Each structure stands twice: as structure tokens, then as C-alpha cells.
Amino acid sequence: MGTGRTLNKKPRTRPVKSEGDRKRRQKTQAKRLVALGMDGAIVGKMTAGAVRTALKRPAKVKKASAAKTAAAG
């Protein structure tokens, strides 16, 4: 019994994203924000979309976190 054209179409053969990979990516992105100077508690409360949006402008995040620490210290 052959596989036929049905199983060779792109949407059928494309791999499904796994939950573990997604969590690993989100964890890595959160670590990147903390490395830029953001507070870990704040990053923990952010949504995944907000984390990705913040990572699009790392210089802006770094500047804001530096200003926040200067004002607090």
C-alpha cells in the first residue's frame, strides 16, 4: 500500500510544534530580558507576547532598566 499524494502535501508533512520546545523558547527569552537588566519578578509576570515585543528593542529595554535603577539608587 503506497502513501499517495495525500500524505506528501506540505501541510500534512509539516512537523507540529511541541509544548516543550515552546516553553524552552519562552524561558530563554525571559533569561535574555533579565540579562538586559529587567527585574526577574517583572519578567515573570509578563505575557509571552510582551516578552517577545520587548526583545525586539533590546537597546530600549537596557536604557529603561538603567534609568529605573539610577532613579531607585
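Cut-offs used in this document
- Residues numbered from 1 in each chain as written.
- Predicted model: local features only at pLDDT ≥ 70, side-chain atom pairs only at ≥ 80, totals over all residues.
- Heavy atoms only, no water.
- Helix = DSSP H or I, 4+ residues; strand = E, 2+ residues; numbered from the N terminus.
- Rg over C-alpha atoms; globule rule 2.2 N^0.38 Å.
- Buried < 20%, exposed > 50% of the residue type's maximum accessible area, 1.4 Å probe, protein only.
- Contact = heavy atoms within 4.5 Å.
- Core = buried A, V, L, I, M, F, W, Y, C linked by side-chain atoms within 4.5 Å.
- Arc of directions from axis to C-beta.

Draft legend 1. Examining the overall build of the protein more closely. Secondary structure summary: the protein contains five helices and zero strands in total. Counted from the first residue to the last, the protein has its helices and strands arranged as α-α-α-α-α. Relative to the 2.2 N^0.38 estimate, which gives 11 Å for 73 residues, the radius of gyration of the protein is 20 Å and therefore markedly larger than a compact globule would have. Dimensions of the protein, computed from C-alpha atoms along their principal axes, come out at roughly 70 × 20 × 15 Å. The 73 residues of the protein split such that 14% are buried. Sequence-distant contacts, at least 24 apart, represent 27% of the contacts inside the protein between residues at least 6 apart.

Draft legend 2. Quick peek at the nonpolar core. Core analysis: the largest hydrophobic core is formed by eight residues, namely L33, L36, M38, V43, V51, A54, L55 and V61. When residues in this core are grouped by element, the largest group, three residues, is from helix α4 (residues 48-55). With near-sequence residues (within four places) excluded, L36 lies in contact with L55, P58, V61, K62 and S65.

Draft legend 3. Here's a closer look at α4. Looking at α4, one finds that the buried residues are V51, A54 and L55. For α4, the arc enclosing every buried residue in end-on projection is 100°, short of the 170-degree limit, so these residues lie on one face.

Draft legend 4. How the structure looks around the environment of M46. Following the sequence through the fold, M46 ends up in the loop between α3 (40-45) and α4. For the pair M46 and A70, spaced 24 residues apart in sequence, the C-alpha to C-alpha distance is 23 Å. Beyond its immediate stretch of four places on either side in the chain, M46 contacts L33, M38, V51 and A54.

Draft legend 5. Region of the structure containing the environment of K45. Among the secondary structure elements, K45 is positioned in helix α3. Using a relative accessible area of 76% as the deciding quantity, one classes K45 as exposed. Distance in space between the C-alpha atoms of K45 and N8 is 42 Å, their sequence separation being 37 residues.

Draft legend 6. Inspection of the side chain of S65 at higher detail. Along the chain, S65 falls in helix α5 (residues 58-72). Dropping the residues within four chain positions of it, S65 is found in contact with L36, G37 and M38.

Interpretation note: all reported values are geometric properties and have no functional meaning in isolation.
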